Amino acid sequence: MKNLRHLFHRATLRRAALVGTALAALSLTAVAPFSADAEPRRGGSLTYAYIAGPGTLDPHVASSMVELEVIHHLFETLVTMDDKYNTRPYLASSAEASPDAKTFTFKLRKGVKFHNGKEMTSADVLASFERYKKVSPNASVLADVESFEAPDPYTFVVKLKNPNAVFIDVLKSPVYPFAILPADQKDKPARELDIVGTGPFTLGEWVKDSHLIIKRFDGYVPDDSAKGPDGLGGKKTVYVDQVRYNFVPEANARVAALQSGGADIANDIPAALAKRFEGRTDLTPLRIFPYCMQVYIVNTQQGPTRNPLVRQAILATVDAPEIIGAMNVVAQPSHSLVYPGSPYYQGDAMKPYYSQKNPQKAKELLKQAGYNGEKIVLQTNSNYQNMKDAILVLSELMKEAGMNVSVDVVDWTTNASNMQRGTGTWNVSTTSFCSNPLLGPQQWRVMFYTFPQVKDDAVLDAAYAQFYTSLDLGKRVAAWADIEKRVIEQAYMIKIADIGALRAFNNKKIEGMTPYYLVRFWDVSAK
Amino acid sequence: MLRIVVIRLIQAVPVLLLIAVMAFILMHLIPGDPAVVIAGADAGPAAVERIRHELGLDRPLIEQLASWLYHLGTGDFGRSLVLNQTVISAVAERLPVTLSLAALSLVITLPIGVFLGILAAYFRGSWVDAAVMTLALVGVSVPAFWIGILSVILFSVSLGWFPSAGYAPLLADGPGPWLASLIQPAVILSLFQIGFLARMTRSGMLDVLDQDFIRTARAKGVSEWRTVGRHAFRNTLVGVVTVAGIILSLLIGGSVVIEQVFALPGIGRLVVQAIMARDYPLIQGTMLLFGFAFVVINICVDLIYLWVDPRVRYD
């Protein structure tokens with residue numbers, strides 16, 4: 001979901017965004033990795049016009065995109081995501097689950113060095129997990145841990161009280177990364193960490209609200225078991241001396257920086273501004289798909305939307321192409337809550353619920369619900385135009401179906417707080433989710449319950465219980481089918497579209513830049 | 001004079017206390033939860049509640065207010081909820097940027113604004129007056145972000161004269177890069193201020209130019225330059241100083257839009273980000289520091305009155 005730490009953030013900020021899938025094509029434009037016979041130049045520096053400065057670089061508490069992009073250059077995890085967003089070992093050379101899915105054994109790569117020169121051992125891994133359990137907002141995923149053990153310097157074992165078939169997948173999450181820190185950081189409070197990781201870059205200068213510099217870590221020990229870089233893992237080689245992230249919140253200024261040579265790469269470029277690159281053969285735009293998903297959130301705990309029939313009536317009114325057309329973002333229609341490359345993708349199973357454009361059906365459902373013109377409040381925010389547009393179009397579609405709609409525009413922080421905590425008097429809102437569809441059912445769980453305020457749904461509870469305890473992938477896929485159907489059929493969330501990202505870089509200055517949900521500066525060189 | 005300063009500072013204490021209480025109440029009346037911002041969107045309700053508890057946000061408001069005021073009394077402005085630094089250090093880090101921009105903008109604004117105001121008044125009703133007032137109207141009316149974007153496209157992208165964004169510190173990078181990084185935002189910021197100052201100067205000059213003593217000076221054969229520059233303008237200085245004080249106050253408060261467009265890490269951006277994140281201690285602390293800065297500027301303005309107009313007495 002988006003957040004404002006960079007607007008503030010978070011600014012702002014755009015809230016965590018993690019993309020992708022295997023088969024859903026990353027739509028690229030003239031992007032070439034290194035040619036086989038050309039040795040990339042070592043040295044030089046790159047300047048990145050970046051939307052906002054990170055609030056923190058403490059990986060255990062970081063969830064916004066602006067933080068994660070930097071953090072994944074500095075810190076690493078036991079397992080991570082590959083190019084296709086599947087789980088792959090990283091600081092662990094292997095990760096094995098016991099047959100009962102209660103014990104997980106991680107064999108660590110030997111000789112891996114922290115930025116302080118010390119070798120990473122299982123003591124560091126154990127300390128990192130113990131810290132994570134204390135400080136991370138995501139600590140609930142470790143609530144079922146019975147013990148962490150370090151039987152020898154290169155083995156780390158996690159024992160759970162109950163089976164969890166996807167525990168290793170949980171650990172690949174790039175949001176609130178399970179980063180391995182030196183053991184002496186164990187008792188550091190949240191956000192007060194020394195920035196010492198095992199990543200291929202170290203932290204250089206960081207001037208809040210101005211810029212941040214990461215420098216090549218010459219003591220970096222790459223994963224030689226891989227042929228080359230693979231997602232966030234694999235064998236990473238750093239060619240550039242440093243990368244400077246300049247925090248430029250205004251989109252026009254980021255584009256201008258790229259055009260004028262003040263930056264070599266820029267992110268978060270609005271679709272409308274991409275036209276400025278026309279005729280500039282030195283600037284290469286990158287469209288990243290999939291990136292996020294935008295959905296409507298329907299509040300199940302107050303007002304007319306307590307009634308499932310009213311929620312389903314709203315679902316019936318949705319006209320996705322109409323809404324996408326109004327949003328002026330890089331977007332494409334999609335009915336699924338996961339991407340086509342995921343093993344959990346259900347094909348066209350959810351298609352009948354998507355973009356029904358059926359006001360007549362909505363009227364019938366409202367009649368069955370006994371709806372009598374009670375007010376339905378659509379809440380949105382003034383910070384993200386695409387969210388506001390999506391709500392405004394929906395309000396017209398709902399009015400057409402005979403609903404009494406009122407639109408409430410607040411700022412993003414209020415909007416987000418209301419969705420996440422169930423406060424305020426809203427019935428429908430909208431937001432984007434990025435890591436959740438990418439990582440799958442386990443990452444969706446908190447969102448499905450929290451945002452629509454779902455309580456006491458035995459069907460959903462049972463499906464999730466089935467999901468976590470099924471060691472067989474086929475059974476987990478079946479459980480996800482039940483989960484996705486329940487969420488969509490009950491109109492807890494209503495899918496609008498897959499949202500993409502637009503970046504651009506100067507191809508006269510950078511070589512090796514490839515599209516991924518995060519910008520990566522390893523295996524990239526300055527020309 | 002020292003007595004005046006001391007009395008004014010003592011008088012400022014209840015004002016600052018009122019600002020403190022108002023800042024606290026207003027911020028807490030705004031919906032939105034800093035714990036949600038800190039926890040992140042992927043955090044569950046329990047994690048959000050835990051952070052609320054750790055930050056003391058679950059305590060009664062009156063207790064939070066009392067605790068904050070108590071710490072203020074000991075000189076502790078508190079700690080930002082999201083920046084991992086004290087309010088004082090967060091403000092201190094960004095102050096050089098804002099002060100640089102304010103100083104440069106004021107240096108551009110004062111001579112041009114005053115000169116244009118005098119010119120318009122002297123040639124009242126003529127095309128000069130109309131031209132100056134039209135320019136002033138445009139300066140006051142045109143949105144700074146729009147001018148800013150056009151300026152970047154012209155001077156940074158097309159001509160390549162100035163950097164499009166960012167700040168080069170004076171001490172670290174030297175005066176050249178410092179000036180290059182600030183000149184565009186300072187000039188754009190000055191457009192509004194020049195318009196404001198020129199209109200106020202013109203208005204003050206028109207009042208004075210009709211006075212008997214001006215007619216007398218001319219009748220005595222005093223040169224026009226001396227009549228306007230020394231006799232007339234001197235008598236409008238109180239108004240000009242007042243307006244300059246207001247302009248400086250506004251500039252020190254931060255120029256949110258300009259700082260955003262030119263990616264300047266100043267106070268305005270800090271405050272906006274703090275508001276968006278509901279970073280209560282940071283907002284309250286900066287409001288209080290702004291209040292104090294305004295008090296100091298007002299005292300300075302009062303003291304300058306004594307200098308520019310000997311008739312002024314604070315007895």
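Quick caveat: nothing in here was measured; it's all calculated off a predicted structure.

**Q** Can you explain the overall build of chain A? Please cite residues and give values.
**A** Looking only at helices and strands, chain A features 13 helices and 21 strands. In terms of overall size, chain A behaves like a compact globule, its C-alpha atoms giving a radius of gyration of 23 Å where 527 residues would be expected to give roughly 24 Å. Principal-axis analysis of the C-alpha atoms places the extent of chain A at approximately 70 × 60 × 40 Å. The proportion of buried residues among the 527 residues of chain A is 58%. Once local pairs closer than 6 in sequence are excluded, the contacts in chain A between residues at least 24 apart make up 74%.

**Q** Just give me the short version of the sheet that holds strand β7 (residues 155-160) of chain A, but keep the residues and values in it.
**A** The strands that make up a sheet are held in pairs by hydrogen bonds between backbone atoms, and each pair lies either parallel or antiparallel. All names here are of chain A. Strand order in this open sheet of four strands is β4-β5-β7-β6, and the pairing throughout is antiparallel. Edge strands, defined here as strands with exactly one partner in the open sheet, are β4 (92-97) and β6 (145-152). Strand-to-strand twist in this sheet, taken as the mean axis angle between neighbours without regard to direction, amounts to 15 degrees. Running at roughly 165 degrees to β6, helix α2 (residues 122-135) makes contact with β5 (103-108), β6 and β7 of the sheet.

**Q** Any chance you could break down the environment of Leu78(A) for me, citing the residues and the numbers?
**A** Residues and elements named next belong to chain A. Mapped onto the elements of the fold, Leu78 is located in the loop between α1 (65-74) and β2 (79-81). Linking Leu78 and Tyr344, residues 266 residues apart in sequence, is a C-alpha distance of 24 Å. Excluding anything up to four places from it in sequence, Leu78 contacts Tyr90, Leu91, Ala92, Ala95, Phe106, Val125, Leu171, Phe178 and Ile180.

**Q** Explain the packing of helix α10 (residues 212-219) of chain B against helix α11 (residues 224-252) of chain B to me, using residue names and the numbers behind them.
**A** Residue and element names in this part refer to chain B. Contact geometry of α10 with α11 gives a least axis separation of 10 Å together with a crossing angle of 150 degrees. In terms of orientation, α10 lies roughly antiparallel with respect to α11. Where α10 crosses over α11, the handedness of that crossing is right-handed. Residue-level inspection shows Phe213, Ile214, Ala217 and Arg218 of α10 in contact with α11, the latter providing Thr227, His231 and Ala232.

**Q** Run through the domain arrangement of chain A, naming residues and quoting values.
**A** All names here are of chain A. What the domain assignment lists for chain A is domain 1 (52-247) and domain 2 (291-501). Computed from C-alpha coordinates alone, the two centres of domain 1 and domain 2 are separated by 32 Å. Looking at the side of domain 1 that touches domain 2, its residues break down into eight nonpolar, two polar and two charged.

**Q** Please set out the confidence of the model for chain B residue by residue, giving values where relevant.
**A** Residue and element names in this part refer to chain B. With 99% of its residues at a pLDDT of 70 or more, chain B has an overall mean of 89. Averaged over each element, pLDDT in chain B is lowest for helix α12 (residues 256-261) (87) and highest for helix α5 (residues 87-122) (93). If you check the scores for this complex, the pTM reads 0.86 and the ipTM reads 0.82.

**Q** Requested: an account of the packing of helix α7 (residues 144-158) of chain B against helix α9 (residues 175-209) of chain B, with residues and values cited.
**A** The description of two helices packed together rests on the angle between their axes and the distance between the axes. Residues and elements named next belong to chain B. Axis separation between α7 and α9 bottoms out at 10 Å; the angle between their running directions is 145 degrees. The crossing of α7 and α9 is right-handed. Together, Ala144, Ile147, Gly148, Ser151 and Phe155 of α7 and Gln184, Ile188, Leu189, Leu191 and Phe192 of α9 make up the contact between the two elements. Its residues placed into classes, the contact of α7 with α9 shows seven nonpolar, three polar and no charged.

**Q** Tell me about the interface of chain A and chain B, and please be specific about residues and values.
**A** How large an interface is tends to be reported as the accessible area lost when its parts come together. If you look at the interface, chain A gives 48 residues, while chain B gives 42 residues. Those elements that place two or more of their residues in the side of chain A that touches chain B are β12 (242-247), α4 (251-260), α9 (412-421) and α11 (441-450) of chain A. Class assignment of the residues belonging to the side of chain A that touches chain B gives a composition of 18 nonpolar, 21 polar and nine charged.

**Q** Tell me about the domain arrangement of chain B, residues and numbers included.
**A** Residues and elements named next belong to chain B. The domain boundaries assigned to chain B delineate domain 1 (2-73) and domain 2 (87-308). Taking the mean C-alpha position of each, domain 1 and domain 2 sit 31 Å from one another. Those elements that place two or more of their residues in the side of domain 1 that touches domain 2 are α1 (2-29) and α2 (34-39). Of the residues contributing to the side of domain 1 that touches domain 2, the split by class is 12 nonpolar, one polar and two charged.

**Q** How would you explain α1(A) if you had to name every residue and give the values?
**A** Residues and elements named next belong to chain A. Extensive coverage of α1 is indicated by the burial of 10 of its 10 residues. Those residues of α1 lying buried are Met65, Val66, Glu67, Leu68, Glu69, Val70, Ile71, His72, His73 and Leu74. Contact partners of the buried residues in α1: β8 (201-207), β9 (211-216) and β12.

The rules we used
- Residues numbered from 1 in each chain as written.
- Chains lettered and ligands numbered in written order.
- Predicted model: local features only at pLDDT ≥ 70, side-chain atom pairs only at ≥ 80, totals over all residues.
- Helix = DSSP H or I, 4+ residues; strand = E, 2+ residues; numbered from the N terminus.
- Rg over C-alpha atoms; globule rule 2.2 N^0.38 Å.
- Buried ≥ 20, exposed ≤ 12 C-beta atoms within 10 Å, placed from the backbone.
- Contact = placed C-beta atoms within 7 Å.
- Pairing = 2+ DSSP bridges.
- Axes fitted to C-alpha atoms, helices over the stretch in contact; angles between N-to-C directions.
- Parallel < 35°, antiparallel > 145°, perpendicular 65-115°, else oblique.
- Left-handed = near helix turned anticlockwise from the far one by under 90°.
- Domains from an automatic or database assignment.
- Nonpolar A, V, L, I, M, F, W, Y, C, P; charged D, E, K, R; others polar.
- pLDDT = per-residue confidence, 0-100.

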